[in-house]
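Overview (structure and organization)
Here is how the chains run, residue by residue.
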Amino acid sequence: MTDTTQSASSSEALLIVLRHPPHGSSWLREGIDVALVAAAFGREVELLFQGDGVFALLEGQAAGALDQKGTHPQLKMLEMYDIERLWVSQRDLDRRGLTVDDLMLPVTTLDPDGVAALHAARPLSLIF
Amino acid sequence: MLSYALLVHAAPYSTQGALSALRFAEAAIARGHRVETVFFYHDGVHNASTLMAPPQDEVHLGERWKRLGETAQTALLVCVAAGLRRGIVDGTEATRHDLAQYSVEPPFELTGIGQLVDAVLTHDRLITFPP
């Protein structure tokens, strides 16, 4: 599964790492904002969901709770921005009792070695 | 010699991140490197507040950033979207949003996230300073 991270064509892609859940802070929203702007500027953008960031993809999220807009409407716009490579840490899904079937978008899972390989293959990355 | 961009997420005084970013910038410049861009995002936008007034026996982060901007020609860029939400606005934005006050003055400059993407691409290194 890690060989997909090695493709030379993506070495200039901007990797945005999302490590925070949808609610409770603005980290996720402000991270996704950077991804969308970079894509709008014509950069190839990939997202890696790590740690509690995997909750961002959970299907069935509601807006309105906590007087926050939520971030799932932003994630539904990813395809429109041609952001289609979504990486997810399998270990972090496992630790939270989740599977890819619980997620709202198609993703590629990575084991810990795969996450490390992805980081090594993407010199341009921003971590949120 | 390298050209650096810094991405500051840390609010001033709340955590060490903002002061670490400033100290890194000063040290890098002292060693002959260039720190061409500092981008303030997330709670880091508060570093740009001209209204901060720390006790006199403490580091004045706002003044130190300003000095960096003036002496090293470092661009001090503040995300406008993150800033507006947090009350970090310059005169132009204050007028546009019908606000009675503003909190950002040169050399700090409100700008868009596109400038952060540019910074990633145009410097040898970008270093993030989280809270």
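Anyway, here's the lowdown on the structure attached to this text. Just so it is clear, the structure is predicted and the values come from calculations on it, not from any experiment. (Residues numbered from 1 in each chain as written. Chains lettered and ligands numbered in written order. Predicted model: local features only at pLDDT ≥ 70, side-chain atom pairs only at ≥ 80, totals over all residues. Heavy atoms only, no water.)

So, about the packing of helix 1 (residues 27-40) of chain A against helix 5 (residues 113-122) of chain B. Relative to each other, helix 1 of chain A and helix 5 of chain B sit at 75°, their axes nearing to 9 Å. Taken together, helix 1 of chain A and helix 5 of chain B sit at an angle that is classed as roughly perpendicular. Listed contacts from helix 5 of chain B to Asp-33, Val-34, Val-37 and Ala-38 of chain A of helix 1 of chain A are Ile-113, Gly-114, Leu-116 and Val-117 of chain B. A class-by-class count of the residues in the contact of helix 1 of chain A with helix 5 of chain B yields 6 nonpolar, 1 polar and 1 charged. (Axes fitted to C-alpha atoms, helices over the stretch in contact; angles between N-to-C directions. Helix = DSSP H or I, 4+ residues; strand = E, 2+ residues; numbered from the N terminus. Parallel < 35°, antiparallel > 145°, perpendicular 65-115°, else oblique. Contact = heavy atoms within 4.5 Å. Nonpolar A, V, L, I, M, F, W, Y, C, P; charged D, E, K, R; others polar.)

We now examine the sheet that holds strand 5 (residues 125-129) of chain B. Picture the strands of a sheet paired through backbone hydrogen bonds; they go either parallel or antiparallel. Residues and elements named next belong to chain B. The strand order 4-3-2-1-5 describes an open sheet built from 5 strands, whose pairing is parallel. The strands lining the two open edges of the sheet, one partner per strand, are strand 4 (108-111) and strand 5. Taken pair by pair, the neighbouring strands of this sheet meet at an average axis angle of 25°, ignoring direction. In this sheet, strand 5 lies alongside strand 1 (residues 3-8) in parallel orientation, the contact comprising 5 bridges. Following the sheet pairing, Tyr-4 is matched in strand 5 by Arg-125. Across the face of the sheet, helix 5 comes into contact with strand 1, strand 2 (34-40), strand 3 (75-79), strand 4 and strand 5 while running at roughly 150° to strand 2. (Pairing = 2+ DSSP bridges.)

Now for the interface of chain A and chain B. On the side of chain B, 15 residues touch chain A, which itself brings 15 residues to the contact. Summed over both partners, the interface of chain A with chain B buries about 1,400 Å², with 73% contributed by carbon and sulfur atoms. Between Glu-30 of chain A and Arg-86 of chain B there is a salt bridge whose closest N-O contact spans 2.9 Å. Across the chain A-chain B interface, the total number found is 5 residue pairs in polar contact (both at pLDDT 80 or more). Of all elements in the fold, only helix 1 and strand 5 (125-127) of chain A reach the threshold of two or more residues within the side of chain A that touches chain B. (Buried area = accessible area lost by both parts, 1.4 Å probe. Salt bridge = Lys/Arg side-chain N within 4 Å of Asp/Glu carboxyl O. Polar contact = N/O pair within 3.5 Å; in protein donor to acceptor, adjacent residues only side chain to side chain.)

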